[in-house]
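# Structure at a glance
Now for the letters of each chain:
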Amino acid sequence: MSESHVWDEVDAYFTAHLAPDDEALAAALRDSDAAGLPHINVAGNQGKLLQLLAQLQGARHILEIGTLGGYSTIWLGRALPPDGRLVSLEYDPRHAEVAVRNIARAGLDKLVEVRVGPALESLPRLADENPPPFDLVFIDADKVNNPHYVEWALKLTSTGSLIVLDNVVRGGRVTDAESTADDVVGTRAAIELIGSHPRLSGTAIQTVGMKGYDGFAVARVLA
Ligand SMILES: C[S@@+](CC[C@H](N)C(=O)[O-])C[C@H]1O[C@@H](n2cnc3c(N)ncnc32)[C@H](O)[C@@H]1O
């Protein structure tokens, strides 16, 4: 049995008052669990933060890399105006199938499109379609490709767009410059790219909560 921490209770309190799951969000988690998907979705209060960020952006176009069962997709999709669009990229067809059902139940199927395949193949195809710039990009997939996802996000956004990169702490291993672990190497490369890129201004924040010790980075596209 996993140990219970005071921050689990604090997160439960915050989530109950500020970001409770409604029927569609609860059902999305229930069906994801029933289908055997891993429990690696954002927490409810993190989903709400994504939604608020999208609303602050006045986002009409959102790109998500890493759909899983569509839990974060629903939070983000709900920030969109009726003519908005969210494209979510997912490698695993089983995950995408569950997500598509969850998104439809949430009434977002007209706004949200889930594209199946490795994101590094889906992204050039998406770029070929010349979509309007995405106002927010949420990166939450295979960590090894984080720097490539940031580069793609830069190609698919414009001045003022926001890039959010999840899970940047890697249990504290992100500080290990000698690490050869894919997730650490990918995350360090992305953080250092954000820090050194002339078109990006970003920061990263450590978090603790029901998902344990973690963190996220945000970056604004400058020009
Ligand atoms: C952390 S989960 C996403 C969680 C989701 N954003 C949420 O909070 O509800 C990561 C997802 O990325 C997907 N993924 C892994 N590698 C990928 C790749 N190369 N391209 C696209 N998706 C990938 C996984 O199959 C998994 O569903």
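One structure accompanies this document, and this report is about it. (Residues numbered from 1 in each chain as written. Predicted model: local features only at pLDDT ≥ 70, side-chain atom pairs only at ≥ 80, totals over all residues. Heavy atoms only, no water.)

## A few points about the packing of helix 7 (residues 146-155) against helix 8 (residues 182-196)
- For the pair helix 7 and helix 8, interaxial distance at closest approach is 7 Å and the crossing angle is 35°. Across the interface between the two elements, Asn-146, Pro-147, Val-150 and Glu-151 of helix 7 pack against Gly-186, Thr-187, Ala-189, Ala-190, Leu-193 and Ile-194 of helix 8.
- Here the residues of the contact of helix 7 with helix 8 are counted per class, giving six nonpolar, three polar and one charged. (Axes fitted to C-alpha atoms, helices over the stretch in contact; angles between N-to-C directions. Helix = DSSP H or I, 4+ residues; strand = E, 2+ residues; numbered from the N terminus. Contact = heavy atoms within 4.5 Å. Nonpolar A, V, L, I, M, F, W, Y, C, P; charged D, E, K, R; others polar.)

## Focus on the site of the ligand
- Contacts to the ligand come from 22 residues, most closely from Val-42, Ser-72, Glu-90, His-95 and Asp-140.
- Within the side chain of Glu-90, an N or O atom sits 2.5 Å from an oxygen atom of the ligand.
- A distance of 2.8 Å is found between a nitrogen atom of the ligand and a side-chain nitrogen or oxygen belonging to Asp-140.
- In isolation the ligand has 610 Å² of accessible area, and contact with the protein removes 89% of it.
- The set of elements that each furnish at least two residues to the shell around the ligand consists of helix 4 (71-77) and strand 2 (85-90).
- Taken together, the residues that form the shell around the ligand break down as 11 nonpolar, six polar and five charged. (Near = heavy atom within 4 Å. Polar contact = N/O pair within 3.5 Å; in protein donor to acceptor, adjacent residues only side chain to side chain. Areas by Shrake-Rupley, 256 points an atom, 1.4 Å probe, with all protein chains shown as cover.)

## Thoughts on a nonpolar patch on the surface
- On the surface, a cluster of nonpolar side chains totalling about 770 Å² of accessible area is made up of Val-6, Trp-7, Val-10, Tyr-13, Phe-14, Leu-18, Val-208 and Tyr-213.
- For the nonpolar patch, the element with the highest residue contribution is helix 1 (residues 6-18), accounting for six residues.
- Position of Phe-14 relative to the elements: it lies in helix 1.
- Phe-14 sits in the partly exposed class, given a relative accessible area of 39%. (Patch = residues over 30% accessible without salt bridge, like charges linked within 9 Å, V, L, I, M, F, W, Y side chains within 5 Å. Salt bridge = Lys/Arg side-chain N within 4 Å of Asp/Glu carboxyl O. Buried < 20%, exposed > 50% of the residue type's maximum accessible area, 1.4 Å probe, protein only.)

## Points about the pattern of salt bridges
- Taken as a whole and judged by the stated rule, the model has 13 salt bridges.
- Residues Arg-85 and Glu-113 are paired through a salt bridge, measuring 3.1 Å at the closest nitrogen-oxygen approach. Of the two residues, Arg-85 sits in strand 2 while Glu-113 sits in strand 3 (residues 112-116), which places them 28 residues apart along the sequence.
- Owing to a relative accessible area of 25%, Arg-85 belongs among the partly exposed residues under this scheme.
- Relative accessible area serves as the criterion here: at 30%, Glu-113 is assigned to the partly exposed category.
- Measuring nitrogen to oxygen at the nearest pair gives 3.5 Å for the salt bridge that ties Glu-192 to Arg-188. Taken as a pair, Glu-192 and Arg-188 lie in helix 8 at a separation of four residues, close to a single helical turn.
- On the accessibility criterion, Glu-192 (45% relative accessible area) is partly exposed.
- Counted as one network, the salt bridges with shared partners bring together Arg-85, Glu-113, Arg-115 and Glu-129.

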